[in-house]
Amino acid sequence: MGNGLGHEPSPPGVDRPQLAVAIDAARWIQASAIATPHGTTWPANPADRASVATDLYSGSAGVVLFFVELHRATGDPAHLAVATAGADELIAALDRQAETGLYSGLAGIGFVLSEVGRHTGITKYHEGARRVVAMLQARAVERGAGVEWNDTTDVIAGSAGIGLFLLYAAEALDAPEARTLAARAGRRLLERSRDEAGGRTWPMDGTSAQLLPNFSHGTAGIAYFLASLYQATKDRAFLDGALAGGAYLKAIANTDGDVCLIAHHEPEEAGRQLYYLGWCHGPAGTARLWYRLWQATADRAWLDWAEKSARGIVASGIPDRQTPGFWNNAGACCGSAGVAEFFLAHHRATGDASSLAFARRVSAQILASAARDAAGIRWPHAEHRTRPAEIVAQTGWMQGAAGIGAWFLHLDGFEHGGPAPVAFPDSPF
């Protein structure tokens, strides 16, 4: 059976070790599956059956997406059956979802349902995604110059991430009303920005005293959304806001040695000395803004900043050692899988051979950190830097086997001509 995308996958074997890892990760995830009246769900932590959620960060939406990608790579109908059973439960649970964010709630679930519909051609999944757009319209709250869904501005749970889903939905679901709503969210974000360091920055919410500059909770992610809005609408105000965010980040960056490292938070001195390396608060995520500004402006200088970000990670000495901002975490959010994904994407964008070699080195480190037995493969690690003794093997995308397994699928696809990774709403690649 083919995967519907012009590829005829071959069975995994000694020549497809990355694919074999992904299949073993799927086997371990599926061992904890919970049948529901509508389909299937999974606990984030298989040792805690109450840890069931539907979100894209650690919940079942990420697991569904992983099985979609696994079916695309293998053509095995069993993987598609798992994905659709999980998607059926996501649809049934929509009305119970209180959160709206891209990684925390409705927006991420809508993205996954749309991708299931795109892959299967089954109408109910497209309809589920369109229902999410309508729910986000209904839950939008008029504030100032536009709308918001909560007090949060960021990519994880706030307006930037929801807006990115809406831009995705406008194209994937032919829903122009989603683009209009995204633009209204962008106008509200513009008025919530602050002058800082010769540019503009955003607080994560109305109560936090810290400024988080990087991608998941901070300025880089919000500026990325604004640059994406400019691409979609050609409204210069959005590009100006994104460029102002970029100017702030350049002003505070540590560029010693021709790298780009941006500290975890301001204004406390401790935050200014802490450098994460992954997607959430490090160069692997913040470089997404540099790529998006390059795409939006055609100014090669922004791509240079992405290359500085890559050099900053390499100069840190990982994966051979841990650092204060790169601890025992293999995940797509804070850890090794997110770093490896960035370097493979950087190689695809630039052709830089050293980036591909580094992605493979990090991949070897991820595999070395795994637990593997008859049940399959998983990654026990510490989700939280400040709680290193809390070691858990999770199932989901950003902290668990779904996202890490997806990394191995992506490397396999690159090396064997398989399908390209599913592009998340917050990815410029």
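Summary of the structure given here. What you are looking at is a predicted structure, and each value in this text was computed from that prediction instead of being measured. (Residues numbered from 1 in each chain as written. Predicted model: local features only at pLDDT ≥ 70, side-chain atom pairs only at ≥ 80, totals over all residues. Heavy atoms only, no water.)

Concerning the environment of Phe408
Structurally, Phe408 is set in helix H15 (residues 401-416). With relative accessibility at 2%, the residue Phe408 sits in the buried group. The spatial distance from the C-alpha of Phe408 to the C-alpha of Ser363 is 7.9 Å, given a sequence separation of 45 residues. With near-sequence residues (within four places) excluded, Phe408 lies in contact with Gln18, Val21, Ala22, Ser363, Ile366, Leu367 and Trp379. (Helix = DSSP H or I, 4+ residues; strand = E, 2+ residues; numbered from the N terminus. Buried < 20%, exposed > 50% of the residue type's maximum accessible area, 1.4 Å probe, protein only. Contact = heavy atoms within 4.5 Å.)

Points about the packing of helix H1 (residues 17-30) against helix H2 (residues 60-74)
Two elements in contact, H1 and H2, have axes separated by 11 Å at closest approach and are oriented at 140°. Relative to H2, the element H1 lies oblique. Helix-helix and strand crossings are classified by hand; for H1 and H2 the assignment is left-handed. In this structure, H1 uses Leu19, Ala22, Ile23, Ala25, Ala26, Ile29 and Gln30 to contact H2, whose residues at the interface are Val63, Phe66, Phe67, Leu70, Ala73 and Thr74. Here the contact of H1 with H2 is composed, by residue class, of 11 nonpolar, 2 polar and no charged. (Axes fitted to C-alpha atoms, helices over the stretch in contact; angles between N-to-C directions. Parallel < 35°, antiparallel > 145°, perpendicular 65-115°, else oblique. Left-handed = near helix turned anticlockwise from the far one by under 90°. Nonpolar A, V, L, I, M, F, W, Y, C, P; charged D, E, K, R; others polar.)

With respect to the environment of Ala182
Looking at the secondary structure, you find Ala182 in helix H7 (residues 176-191). Its relative accessible area of 0% is what places Ala182 among the buried residues. Sequence-wise, Ala182 and Leu167 are 15 residues apart; in three dimensions their C-alpha atoms are separated by 6.5 Å. Not counting chain neighbours up to four residues away, the residues in contact with Ala182 comprise Gly163, Leu166, Leu167, Phe225 and Leu229.

Describing unusual backbone geometry
If a residue is not glycine, its phi is most likely negative; likewise, a peptide bond is most likely trans. Pro267 follows Glu266 through a cis peptide bond whose omega is 0°. Inspection of the secondary structure assignment puts Pro267 in the loop between helix H9 (236-252) and helix H10 (269-272). The residue Lys234 is not glycine, and still its phi comes out positive at about 65°. Mapped onto the elements of the fold, Lys234 is located in the loop between helix H8 (219-233) and H9.

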